[in-house]
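As a plain string of letters, each chain reads:
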There are 4 protein chains.
Amino acid sequence: MTISVAVSGASGYAGGELLRLLANHPSVSIGAITAHSNAGSRLGELQPHLHSLSDRLLEETTAANLSGHDVVFLALPHGASAQLAAQLPEHTLVIDAGADHRLEDPAAWEAFYKSEHAGSWPYGLPELPGQREKLQGSKRIAVPGCYPTSALLALTPGFAAGALLPDDVVIVSASGTSGAGKSLKANLLGSEVMGSMSPYGVGGLHRHTPEIEQGLSQVAGEQVTVSFTPTLAPMSRGILTTATAKIAPQLAKQAKPAEELRQIWADAYQDEAFIHLLPEGQWPSTKSVVGSNHAALQVAYDERTGRVLVCAVIDNLTKGTAGGAVQSMNIALGLNETLGLEQLGVAP
Amino acid sequence: MTISVAVSGASGYAGGELLRLLANHPSVSIGAITAHSNAGSRLGELQPHLHSLSDRLLEETTAANLSGHDVVFLALPHGASAQLAAQLPEHTLVIDAGADHRLEDPAAWEAFYKSEHAGSWPYGLPELPGQREKLQGSKRIAVPGCYPTSALLALTPGFAAGALLPDDVVIVSASGTSGAGKSLKANLLGSEVMGSMSPYGVGGLHRHTPEIEQGLSQVAGEQVTVSFTPTLAPMSRGILTTATAKIAPQLAKQAKPAEELRQIWADAYQDEAFIHLLPEGQWPSTKSVVGSNHAALQVAYDERTGRVLVCAVIDNLTKGTAGGAVQSMNIALGLNETLGLEQLGVAP
Amino acid sequence: MTISVAVSGASGYAGGELLRLLANHPSVSIGAITAHSNAGSRLGELQPHLHSLSDRLLEETTAANLSGHDVVFLALPHGASAQLAAQLPEHTLVIDAGADHRLEDPAAWEAFYKSEHAGSWPYGLPELPGQREKLQGSKRIAVPGCYPTSALLALTPGFAAGALLPDDVVIVSASGTSGAGKSLKANLLGSEVMGSMSPYGVGGLHRHTPEIEQGLSQVAGEQVTVSFTPTLAPMSRGILTTATAKIAPQLAKQAKPAEELRQIWADAYQDEAFIHLLPEGQWPSTKSVVGSNHAALQVAYDERTGRVLVCAVIDNLTKGTAGGAVQSMNIALGLNETLGLEQLGVAP
Amino acid sequence: MTISVAVSGASGYAGGELLRLLANHPSVSIGAITAHSNAGSRLGELQPHLHSLSDRLLEETTAANLSGHDVVFLALPHGASAQLAAQLPEHTLVIDAGADHRLEDPAAWEAFYKSEHAGSWPYGLPELPGQREKLQGSKRIAVPGCYPTSALLALTPGFAAGALLPDDVVIVSASGTSGAGKSLKANLLGSEVMGSMSPYGVGGLHRHTPEIEQGLSQVAGEQVTVSFTPTLAPMSRGILTTATAKIAPQLAKQAKPAEELRQIWADAYQDEAFIHLLPEGQWPSTKSVVGSNHAALQVAYDERTGRVLVCAVIDNLTKGTAGGAVQSMNIALGLNETLGLEQLGVAP
C-alpha cells in the first residue's frame, strides 16, 4: 500500500520536519508540497537538507491543491488550519500540527487565543491512557503542542495512578529556538540567542498552559492547575521539561515511596516504543533524542519537600510535532506505529 | 591606597575570573597567583585571555605563599579552602569563593557535604536585608554559591515583606557549563553539551539546596523549604533562575496583588547598583549580564495558581562568584562598592 | 540476506555513529559490540541516544570477540586497528575507520605518524574516479579521514579534468568538536569551545595533509602539494572545507571559464547519490547535512586571482567516517550503495 | 578634561558596543544617542546590557542632534554615514564605523559598492606602519572593517619586511554572526546558525576584499592580490582569520626561515598594547579576546609549501569595530591610547 500525502506549510520548520520524516517513510508517497509566500520556489532553496526533494516546486496552499491525497498535514499558523481543514473532504485523513483543534473547552481557547473556537479533534498523543484507541480509524487528528507533549509524558503516569495532588504542579521547560518557528524577530537572531537563556510567557500566559491542564485533568479525573514557565535555550532543537508535583499523602506514608513512584512510570511506559524511563541515576539530555521520535525520562522523589520531579526530553520538532504527527498517522491508518520513525537520536 | 591581593586556584574558572576583575581594579595590586598541579606554569598558558598578566608565574598554593597580602582570595575545592584558611593570619581579609564557610548549620553541612563542618563566615551577598553591614570591616567572608546568589536575589524581597508562603517554593535553574569548573568529565565535553540541555542533582540533592533554604529562612523568619533543580545549558556562562512561590492569602485578597508584588521588589532593589528590576513586560536574558556583576529580574503574578514567578539572571562567574567576591572585598575594606565592577554585560 | 556485523570502539563517537547507522540498516544484524576500558558496561550508559541497543553489553575488543561476523568495523586509535586487523580472518570484510591503512607511501606515514607503516588498503571514497570498482568485492577497506573526505570531494573533479595547477592549493577546514573524539582534554570542554574558533596543527602539521595530497596526486597524475589548516568550530558535528587552487592557464583563457569550471563539477557528480552541487548562488551549510551521508558543494571562480574556490560540507561523523564506512560496505558486498543511508540532514 | 561624545546607530550591534566601551571611558561623557527607526525608545529596551544607560532616550539621527559634541561616532549603513558626515562641523572629530571612507581608490569603491565614492579618510588602524602618526590630531577617521582589521594585523608585518610575495595570498576568515548586524534575515536566525558553518561572498565578492588589498599593497609598496573567503561561525562574536602567503625566495634560502619569520612579527608588535604574538606552540582562540580590544596571533612556516600561515583572532565588535574606533579617538585627541580599553577578554 502506498499512501499519498500532502504537506502544507512546507517552508517552515514543522513542515520541513514532516517532509524529512515522510521522505523516508516506506509506505508514503509525497504528493503536493505547499506554502504561502514561498509558493513557486524550489524546495531546495528553503529546505536545503531535503536533498531527495530539492527539485520539487512549492504549490500554493489551497484546499484544491491539497485535496486528492489520502493524508493532508497542516503545518500552518493557528487560525489558518481550521479554515483550510473545513474545506477538505471528510474521508481525507487531516492531521493538524497547529493549535486550532487541540482544546476541548471553548472558554479556554478564547481566553488564550483570543479568537473563536474551531472545535476539537482527537488528540494525537497515543501514549496517554486510552488515547491510542481513539486515534485508530480517525479522520481528523490534532497534533499536541511541543511543550504539552513533554509535560504530559512527564506527569500523566502519576496522575493516572492517583499518586499526585492536582494543585501545586510546577513545570519549567527549556526549548530550542526552532519551537518559535522561522519568524524574523530580533530576539530569535543567532547573535541574541547563542550563549543566552531567557524566559518568556511567564506568569501562566503561554498558550500551552490550558493544553497541559486539559491533558492532566482528563487523566486525573479532576481539575489540575499548572504553573508553566517556558524558557528559550541556545540550541536549535530539543525540549527539557522539569515537572514537579506533590505526591498524595497515602503514598508519602508508604515504606518506600520512591520505589513505588518509579514503578508507576515504569509500568506506564513498558510497552511504549518511543518512551524510555532511564535506569536509576541516569539523567536525560535533549541531545540523546535529537532528530528522533524518542522521549527519555527520569523520575526522582524529593522526600524533604514531598515532591516528585520528572525530567523529560523530546525533540520539539520530531516527537513534539512532526514525529508525533506521523506516529498518529500510522495508528489512524492501521500501519505499524513505528513505521518511518525508526531513526535514532543524532548525538553527539 | 593600594591593596595587595593574592589569588589561589588561579588556573580554574573562578580564579581566572577573579584575576580578570582584579587586573582592572584601580585600588588593587596583584601579588601572589597560586595553583596546585599547574604551579610553575606561565599564567598565559592557562588563562590566555588575561593578557596583562600572561607572563606571571603560578606559585604553589601554600599559606606561606599567600600570606603577606592584604586580601587573599580562595578559589579552591571545598575542604581545601577551610584547611588553608585556618593557616592564614587573622588580620588578613580572607574571601572564600568555595563552599566551606557558607552554611551555619553543621547538620545541613554534614548531610550535603559528607564531611566535618568548618564553621560559618559572614555571607557575601550584601543585597540581603541587613547583610551589607555585617560585611563592613569583616576579615572573613564566604562568597555565596552561584545558584543561591540568583535564587536569593529572586525571592528574598518577597519573603522579607511577608508576601510569600514558606512551603511550595520551587526553583529551576539553568546554568552555563563554567559553573561545573574545568574538570575533565565526559559530560562536560563540548561535543556533549553543545545543542543539549540536561538536568542533574534532581530530587533535592544539589548542595546549594540548604544554602538557598538558609538564606530564605533567615529573611522569612521561619523555615522555608525549597525544591531546587539545576540544569546544564549549552553556554559557557550565565544562570537563569526561575523561582516560584505561593503568595500569602492576605496579599491574594488585595485589589491589585500583581502591582503590590511588583512594588515590593522595586522597593527592595531601588538603591542597589547591581540589581535591576526590568520594566514590566521585559524579560531578562543571561547574555545581558555576561561578564558583568549585574543581575536582572522580572516578577510576574500568576493569578490562576496564586503563585509569583521571578526570573533572575546573573553571570555565574561574575556576580555568582568573582564579582560578588570583589564587591564584598570593597565593602569590607570601606571602598566604593562598585570599584572595579563597572564593566557592563558583553552582548550580543 | 542478513549480514552479521561487529563494531569495535563502540564507546567513542565514531563507534556510536556506526551503531546508529547500522541499527537501521535493513540488511544488517548487529553482533558483537566491543570497547576497551568500557567493556562490561551497558551501551545505554555510554551512548544514550541508541535506544534500540541500550541494553546491549560491551565486550572486550579482542580478535576472538570480533571474529565470526561477516563484517568487522574498527573504530580504534591508530596503531590499535592495524594490530587487531592482522588477527582477523582473511574472508572477513574488515573496514577500518582509523588511519592505519590509508597512506600508500611508507615515508609519508612515518613522517606524520612517527611509527611503522602497516600497509595500505583500498580507499573507501567511492566518488573518486575509478575508486568504486576497487571497492567491489574487497575484503579490506580503509575509511578516509574526515578532512580528506571533504577536501577530495571538493577538488578531485578539477584535478581529474586537468583544470587545476598542482601547487598553491590552499585548504582551510572548520570542524565540529566530535572530530577530536571523546578525549578528556581541557581545550575540548564545552566552556572552552562554545563561542570560540581556534586553529590547530597549523603549518602543514596535521596528519590528514599527506592523505589529501595522496588523493589529489593520484587523480591529477602528478604531485599535488597542499597547505592545509584545520580549525575547531563551536559545534558538535560538521566540516566546512574551503579549498582553492589556481586554474590551468588554457582554461583561464577560455571565453567563460566560470561556466566551464562549473560544468566539470556538475559532470563529475551528476550520478552520485550523496554528492550535491548546489544551484548557482546557493552556499552550503554544515547543518544541511548533519546526521546524513550527504555532501553539498559550491564552486566559484575568482577571476581577479585566477583561483577556483570550492566550499564543501559534510558531517564528519557520517559521510566523514561512519556513513562512508557503511557506503563502502554496501559496495564491497554488492548491496545497493545507499542502503541504510537514506536519512536526510537534521535541520534546523 | 571631559570629552562629549555622540553615538548614532545606537540600536545596532556596533552602536551598542561603542556605548558599552564609552560608558566606562574615564574621560568621556555620553551626549546624544541616536537611532533611525527606534528613535523615541528607551535604550534599555534595545540594549538591555547597558544598565547604566538604560533610561536614556534615543533621539533621531540627524546632523542637528549629533552636532555640538566633541566627537561623533557614526555606526550607520554605508551611504548614510557619508551623507551625514558632510553636514557635521569640520572641527568635530567624526569617526565613521561604516565603510564609506575606507577606500582610497574610487574605482575599487564603485566596483564593490556600486555607488559613488565619498572620498577617503585617515584609516583607523594605528598598528599599521606609520599609521598612528596620521591619526594624531585628525578630525576624520575611517574605522577599518572587521575582516580587514584581522587580515592586516596578520600579514602586514611580513609585507612591511619584504618577506612575502604579493600574489597567492589566501585568506579565510570565520566570523561570529554579530558581524552581519541585527538585520532580520532568515539565515541569521539562531535556529539556522547554531551548530552550523557556512561560507558567503565566495569568489572574491566580499566588499572587504579591496580594503584588505589596499592595506597590504600600501605596506608592501606593490600591488598585492588577495583571495578572501568569509565564513559564518556559530558564535555571536569573534573572528578567526587564517592568512597564508608565499615567502620571498631569498628568505626561504636562509638557514632558519621559521625563526626569521617569527622575529619579524615579534619586532612589529613588541610595543603594541593590544597585539599579542603568542609563545611558540600556543594557538589563539577567539574566546580569549571576546569583549576586549586585544588581538592574538601565531605564525607558522610550512616548509613543504613555502608558505607562512598566520592565525589572528579579534572580537569583531571590539578591536574590529568599536574598540578600534575608541582607540583611534584616543590617539586623535592625544589621550592615552588604551584609555577605556583596559578590559580583558571574557573567557571562558
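Residues numbered from 1 in each chain as written. Chains lettered and ligands numbered in written order. Predicted model: local features only at pLDDT ≥ 70, side-chain atom pairs only at ≥ 80, totals over all residues. Heavy atoms only, no water.

### Observations regarding the pairing of strand β12 (residues 295–302) of chain B
Residue and element names in this part refer to chain B.
- Among the eight residues in β12, eight count as buried, and that is most of the element.
- In terms of strand pairing, strand β11 (residues 275–277) meets β12 through three bridges, oriented parallel. Residue pairing for β12: I275 is matched across the bridge by A295.
- In this sheet, strand β13 (residues 307–314) lies alongside β12 in antiparallel orientation, the contact comprising seven bridges. (Buried < 20%, exposed > 50% of the residue type's maximum accessible area, 1.4 Å probe, protein only. Helix = DSSP H or I, 4+ residues; strand = E, 2+ residues; numbered from the N terminus. Pairing = 2+ DSSP bridges.)

### Considering the packing of aromatic side chains
- Tallied over the full model, the rule gives eight aromatic pairs over all chains.
- Between Y147(B) and F228(B) the ring centres are 5.2 Å apart and the planes differ by 65°, which places this aromatic pair in the edge-to-face class. With Y147(B) in helix α7 (residues 146–160) and F228(B) in strand β9 (residues 226–232), the pair connects residues that are 81 residues apart, well separated along the chain. Both residues of the pair, Y147(B) and F228(B), belong to the buried class.
- Sitting over the ring of W121(A), R140(A) keeps its end group 5.7 Å from the ring centre. (Phe/Tyr/Trp six-rings, centres within 6.5 Å; stacked < 30°, edge-to-face > 60°. Lys NZ or Arg CZ within 6 Å of the ring centre and 35° of its normal.)

### Some remarks on the relation of the copies chain A and chain B
- Superposing chain A onto chain B requires a rotation of 180° together with a translation of 0.0 Å along the rotation axis, leaving an RMSD of 0.0 Å. Classification of the inter-copy transformation places it as that of a two-fold axis. Minimal C-alpha distance to the rotation axis in chain A is attained by P234(A), lying at 3.1 Å. (Least-squares fit on C-alpha atoms with pLDDT ≥ 70 in both.)

### Structural notes on the sheet that holds strand β9 (residues 226–232) of chain A
Residues and elements named next belong to chain A.
- One open sheet accounts for seven strands, arranged β8-β9-β7-β10-β13-β12-β11; its pairing is mixed. Every other strand in the sheet has two partners, leaving β8 (198–199) and β11 (275–277) as the edge strands with one partner each.
- In the sheet, strand β7 (residues 169–175) pairs with β9 via seven bridges, with the strands oriented parallel. Its bridge partner being in β9, V170 is matched across the sheet by S227.
- In the packing of helix α7 (residues 146–160) onto the sheet, the strands contacted are β7, β9, β10 (239–246), β11, β12 (295–302) and β13 (307–314), and the crossing angle to β13 comes to about 140°.
- Helix α11 (residues 257–269) rests against β11, β12 and β13 of the sheet, and its axis sits at about 160° to β12. (Contact = heavy atoms within 4.5 Å. Axes fitted to C-alpha atoms, helices over the stretch in contact; angles between N-to-C directions.)

### Regarding the interface of chain A and chain D
- With 18 residues of chain A at the contact, the number on the chain D side is 18 residues.
- Interface area for chain A against chain D, summed over the two sides, is near 1,400 Å², with a carbon-plus-sulfur share of 59%.
- By the criterion of area lost to chain D, the three top residues of chain A are L184(A), L189(A) and M194(A), representing 42% of everything that side buries.
- Applying the counting rule to chain A against chain D returns zero salt bridges.
- Linking chain A with chain D are ten residue pairs in polar contact (both at pLDDT 80 or more). (Buried area = accessible area lost by both parts, 1.4 Å probe. Salt bridge = Lys/Arg side-chain N within 4 Å of Asp/Glu carboxyl O. Polar contact = N/O pair within 3.5 Å; in protein donor to acceptor, adjacent residues only side chain to side chain.)

### Quick notes on the interface of chain A and chain B
- Listed by partner, the interface residues are 44 residues for chain A and 44 residues for chain B.
- Summing the contributions of chain A and of chain B, the shared interface buries around 3,500 Å²; its carbon and sulfur component is 63%.
- Counting across the interface, chain A meets chain B through six salt bridges.
- Note that R307(A) and D168(B) form a salt bridge whose closest N and O atoms lie 3.1 Å from each other.
- Residue assignment for the side of chain A that touches chain B shows that the elements contributing at least two residues are β7, α8 (190–193), β8, α9 (208–220), β9, β10, β12 and β13 of chain A.
- Partitioning the side of chain A that touches chain B into residue classes produces 19 nonpolar, 16 polar and nine charged. (Nonpolar A, V, L, I, M, F, W, Y, C, P; charged D, E, K, R; others polar.)

### Observations concerning the environment of I275(D)
Residue and element names in this part refer to chain D.
- Relative to the elements of secondary structure, I275 occurs in strand β11 (residues 275–277).
- It is 10 Å that separates the C-alpha atoms of I275 and A154, two residues lying 121 residues apart in sequence.
- If near-sequence neighbours (up to four positions away) are discounted, I275 is found in contact with E127, L153, Y269, A295, L297 and K319.

### Focus: the relation of the copies chain A and chain D
- For the pair chain A and chain D, the superposition axis carries a translation of 0.0 Å, the fit reaches an RMSD of 0.0 Å, and the rotation angle comes to 180°.
- The share of interface residues of chain A whose copies in chain D are also at the interface is 100%, consistent with both copies meeting through the same surface.

### Focus: the domain arrangement of chain A
All names here are of chain A.
- Taken domain by domain, chain A consists of domain 1 (3–144 + 319–332) and domain 2 (147–316).
- Distance between the C-alpha centres of domain 1 and domain 2: 24 Å.
- Listed as interface residues are 27 residues of domain 1 and, on the opposing side, 32 residues of domain 2.
- The junction of domain 1 with domain 2 conceals about 2,400 Å² of combined surface from both sides, 52% of it contributed by carbon and sulfur atoms.
- Of all residues in domain 1, the largest losses of buried area upon contact with domain 2 belong to Y13, F112 and K319, amounting jointly to 29% of the total for that side.
- If you look at where domain 1 meets domain 2, you find three salt bridges.
- The salt bridge partner of E272 is R132, with a shortest N-O separation of 2.7 Å.
- Applying the counting rule to domain 1 against domain 2 returns 18 residue pairs in polar contact (both at pLDDT 80 or more).
- Looking at the side of domain 1 that touches domain 2, the elements with two or more residues in it are α1 (13–23), α5 (106–113) and α12 (318–333). (Domains from an automatic or database assignment.)

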